Structures are given as C-alpha cells and as structure tokens.
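One-letter residues, chain by chain:
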Amino acid sequence: VQPVTRGEFRTTRDFPGTVEPNEHALAEITTLVRGRVIDVYADLGREVKSGTILALLYSSELGMAQSAYLKATAKLNVADRAFRRAELLLKEKVIGLAESQRREGEMLSLRAERQEAKDRLLLLGLTEEDLRNLDRNHTIRSHVPVVAPFDGRVIARNLTKGEVVETTEKLFVVADLSDVWVTAVIPEKDIPYIRPDLTGPGQSVEVHVAAYPNQVFQGRITYVGDVLDPATRRWVASQRQLHR
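Residues numbered from 1 in each chain as written. Predicted model: local features only at pLDDT ≥ 70, side-chain atom pairs only at ≥ 80, totals over all residues. Heavy atoms only, no water.

Draft legend 1. How the structure looks around the packing of aromatic side chains. Applying the stated criterion to the full structure yields 1 aromatic pair. Measuring from centroid to centroid gives 6.1 Å for Tyr212 and Phe217, while their planes differ by 80 degrees, and the two rings are edge-to-face. (Phe/Tyr/Trp six-rings, centres within 6.5 Å; stacked < 30°, edge-to-face > 60°.)

Draft legend 2. Fine view of the sheet that holds strand S7 (residues 152–157). Spatial ordering of the open sheet is given by S2-S9-S7-S4, a layout of 4 strands whose pairing is antiparallel. If you trace the sheet from one side to the other, it starts and ends with strand S2 (26–29) and strand S4 (47–48), each paired once. By the bridge criterion, 4 bridges tie S2 to strand S9 (residues 172–175) in an arrangement that is antiparallel. Following the sheet pairing, Leu26 is matched in S9 by Ala175. (Pairing = 2+ DSSP bridges. Helix = DSSP H or I, 4+ residues; strand = E, 2+ residues; numbered from the N terminus.)

Draft legend 3. Structural context of the pairing of strand S3 (residues 35–40). One ladder, built from 2 bridges, connects S3 with strand S8 (residues 164–165); its direction is antiparallel. Bridging across to S8, Arg36 finds its partner in Val164. Pairing of S3 with strand S5 (residues 53–58), which is carried by 4 bridges, proceeds in the antiparallel orientation. Looking across to S5, one finds that Asp39 is bridged to Leu56.

Draft legend 4. Spotlight on the sheet that holds S5. With respect to topology, 4 strands assemble into an open sheet ordered S6-S5-S3-S8, the strand pairing being antiparallel. The sheet is open, and its two edges are formed by strand S6 (143–147) and S8, each paired on a single side.

Draft legend 5. Representation of the side chain of Thr183 in the model. Here Thr183 lies in strand S10 (residues 179–187). Here the side chain of Thr183 touches Glu20 through a polar contact of 3.0 Å, side chain to side chain. (Polar contact = N/O pair within 3.5 Å; in protein donor to acceptor, adjacent residues only side chain to side chain.)

Draft legend 6. Looking closely at the packing of helix H1 (residues 60–91) against helix H3 (residues 128–137). It is the contact of H1 with H3, at a shortest axis distance of 11 Å, that shows an interaxial angle of 60 degrees. Relative to H3, H1 is oriented oblique. Of the two elements, H1 crosses H3, and the hand of that crossing is right-handed. Across the interface between the two elements, Gln66, Tyr69, Leu70 and Thr73 of H1 pack against Leu131, Leu134 and Asp135 of H3. For the contact of H1 with H3, the residue count by class is 4 nonpolar, 2 polar and 1 charged. (Axes fitted to C-alpha atoms, helices over the stretch in contact; angles between N-to-C directions. Parallel < 35°, antiparallel > 145°, perpendicular 65-115°, else oblique. Left-handed = near helix turned anticlockwise from the far one by under 90°. Contact = heavy atoms within 4.5 Å. Nonpolar A, V, L, I, M, F, W, Y, C, P; charged D, E, K, R; others polar.)

Draft legend 7. Representation of the nonpolar core within the structure. Leu54, Leu121 and Phe172 are the most contacted members of the largest nonpolar core, which totals 29 residues. Broken down by secondary-structure element, the contributors of at least two residues to this core are S2, S3, S5, H1, helix H2 (97–123), H3, S6 and S9. Here the element with the most residues in this core is H1; it accounts for 4 residues. Once residues within four sequence positions are removed from consideration, Leu54 is found in contact with Ile29, Val40, Tyr41, Ala42, Val48, Val146, Val147, Ala148, Phe172 and Val174. (Core = buried A, V, L, I, M, F, W, Y, C linked by side-chain atoms within 4.5 Å. Buried < 20%, exposed > 50% of the residue type's maximum accessible area, 1.4 Å probe, protein only.)

Next comes the structure, spelled out in structure tokens:
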C-alpha cells in the first residue's frame with residue numbers, strides 16, 4: 001500500500017514488425033565487367049572483413065581492354081618521338097611545316113585514343129595503381145576479384161562456380177548487422193502515440209522477438225512514414241534502430 005501521488009501514466013501499444021538490415025550499412029555487390037566465375041570463397045552467413053575476396057571472375061573483356069590500352073600507349077610513344085623529330089627537322093628546314101603539323105595531328109589523335117582506353121579500364125574497375133603496374137610490367141590481368149566493401153555478414157549469395165555473370169546481376173549482399181532496423185505497421189488510430197523526434201534521439205520502444213523470448217531489445221524511433229496505405233488504413237512504416 002502506498003499513498004496516492006501524482007506520477008507519469010504509462011500505456012503500451014503492440015504492433016507487428018519485421019527486423020531488417022540497416023540500409024545505410026547494406027551493400028548489394030555487382031561486377032563492373034562481364035565474366036565467368038572461377039571460384040567462390042564466401043558462403044552464406046559468413047563474417048567478412050573489408051577487402052575480403054568473395055569470389056574470383058575471369059573476364060576476356062577486361063583482358064582485351066588492357067590489350068587495347070597497351071597498343072594505344074605503344075602507338076602514342078612512336079607518334080610522340082616522330083613529332084619531336086619533326087620539330088628538329090623543321091628547324092633545320094629539312095621538312096616543311098605541313099609535314100610537322102601532320103605528325104602533330106597523329107600524336108594528338110593517338111593521345112586521345114590512349115585516354116579513351118584508359119578511361120574504359122577505370123570504368124571496368126581498375127585503379128590508377130593498376131594502370132601504373134600495367135605500364136611498368138605490361139602484364140595483362142584477366143582475373144577480377146569481387147571484394148567486400150566493409151566489415152559485415154554475407155546475407156545473400158547468387159552465383160555458383162562456372163557460371164557467366166553479367167554486370168546487372170546482384171552477386172552478393174553484405175550487411176553490417178551490429179545495428180538493425182525494425183519496421184512496424186502502425187494502425188491509423190494509434191499514430192498519435194508515435195512521436196518521432198527529428199532533432200533528438202526519438203521515442204524509446206521495446207522490441208520482442210520470437211526467436212529470443214526471454215530478451216527485450218531497446219530502440220528509438222528514427223522515422224515515421226508519411227504515406228497511409230489506403231487498403232489497410234495503416235501507416236506504411238515506422239523504423240526503429242536497435243543496437244545488438
């Protein structure tokens with residue numbers, strides 16, 4: 001028995017929801033070049049670190065693009081030397097101005113061709129360091145590693161060894177599950193009880209998951225959808241960010 005006092009009145013509302021990866025820490029990994037899968041190293045559910053090789057592809061398209069770059073570089077070197085010789089011969093009046101300009105035009109044209117080949121390699125995923133190694137060693141690399149962009153877990157894998165994959169295919173999905181979202185469906189009549197705070201941490205919530213019946217997860221409301229589903233008369237979503 002306690003004396004009557006004025007205090008905070010608390011009521012609860014239960015809403016169904018789904019646990020989802022944090023979309024800010026979710027990567028759908030594709031390839032920038034068409035290729036055949038040589039090997040797959042990451043299985044579903046595996047924890048990976050940033051830079052871990054998930055799979056290895058072989059791409060003849062990448063090899064041909066590097067070959068085109070090397071050919072363009074060789075032609076440019078020849079044209080550049082020819083133009084420098086033409087400048088010396090022009091000073092000695094051995095050749096005319098028209099011949100010097102012709103060689104200059106060839107050099108500029110091949111310079112543009114080499115730049116185009118270089119840009120294509122960059123679009124196919126090579127880095128400036130890769131290009132410097134290609135210029136130095138003249139070694140064509142046709143193998144394309146598919147790597148994890150950050151630390152996380154492989155939650156989807158959509159390739160097998162030996163198949164040919166296109167640039168439009170989603171090969172892996174990697175997610176950092178240290179923070180997850182819970183998306184709840186809120187009936188229209190209960191919207192007044194939901195108070196997202198756009199400037200602060202947001203309203204606190206408790207989440208109960210069937211897989212962990214003896215645990216209560218704490219979270220904060222970070223977003224409430226602006227659209228009401230006309231069929232169910234329920235608010236589209238309320239996202240709550242939870243910390244494991």
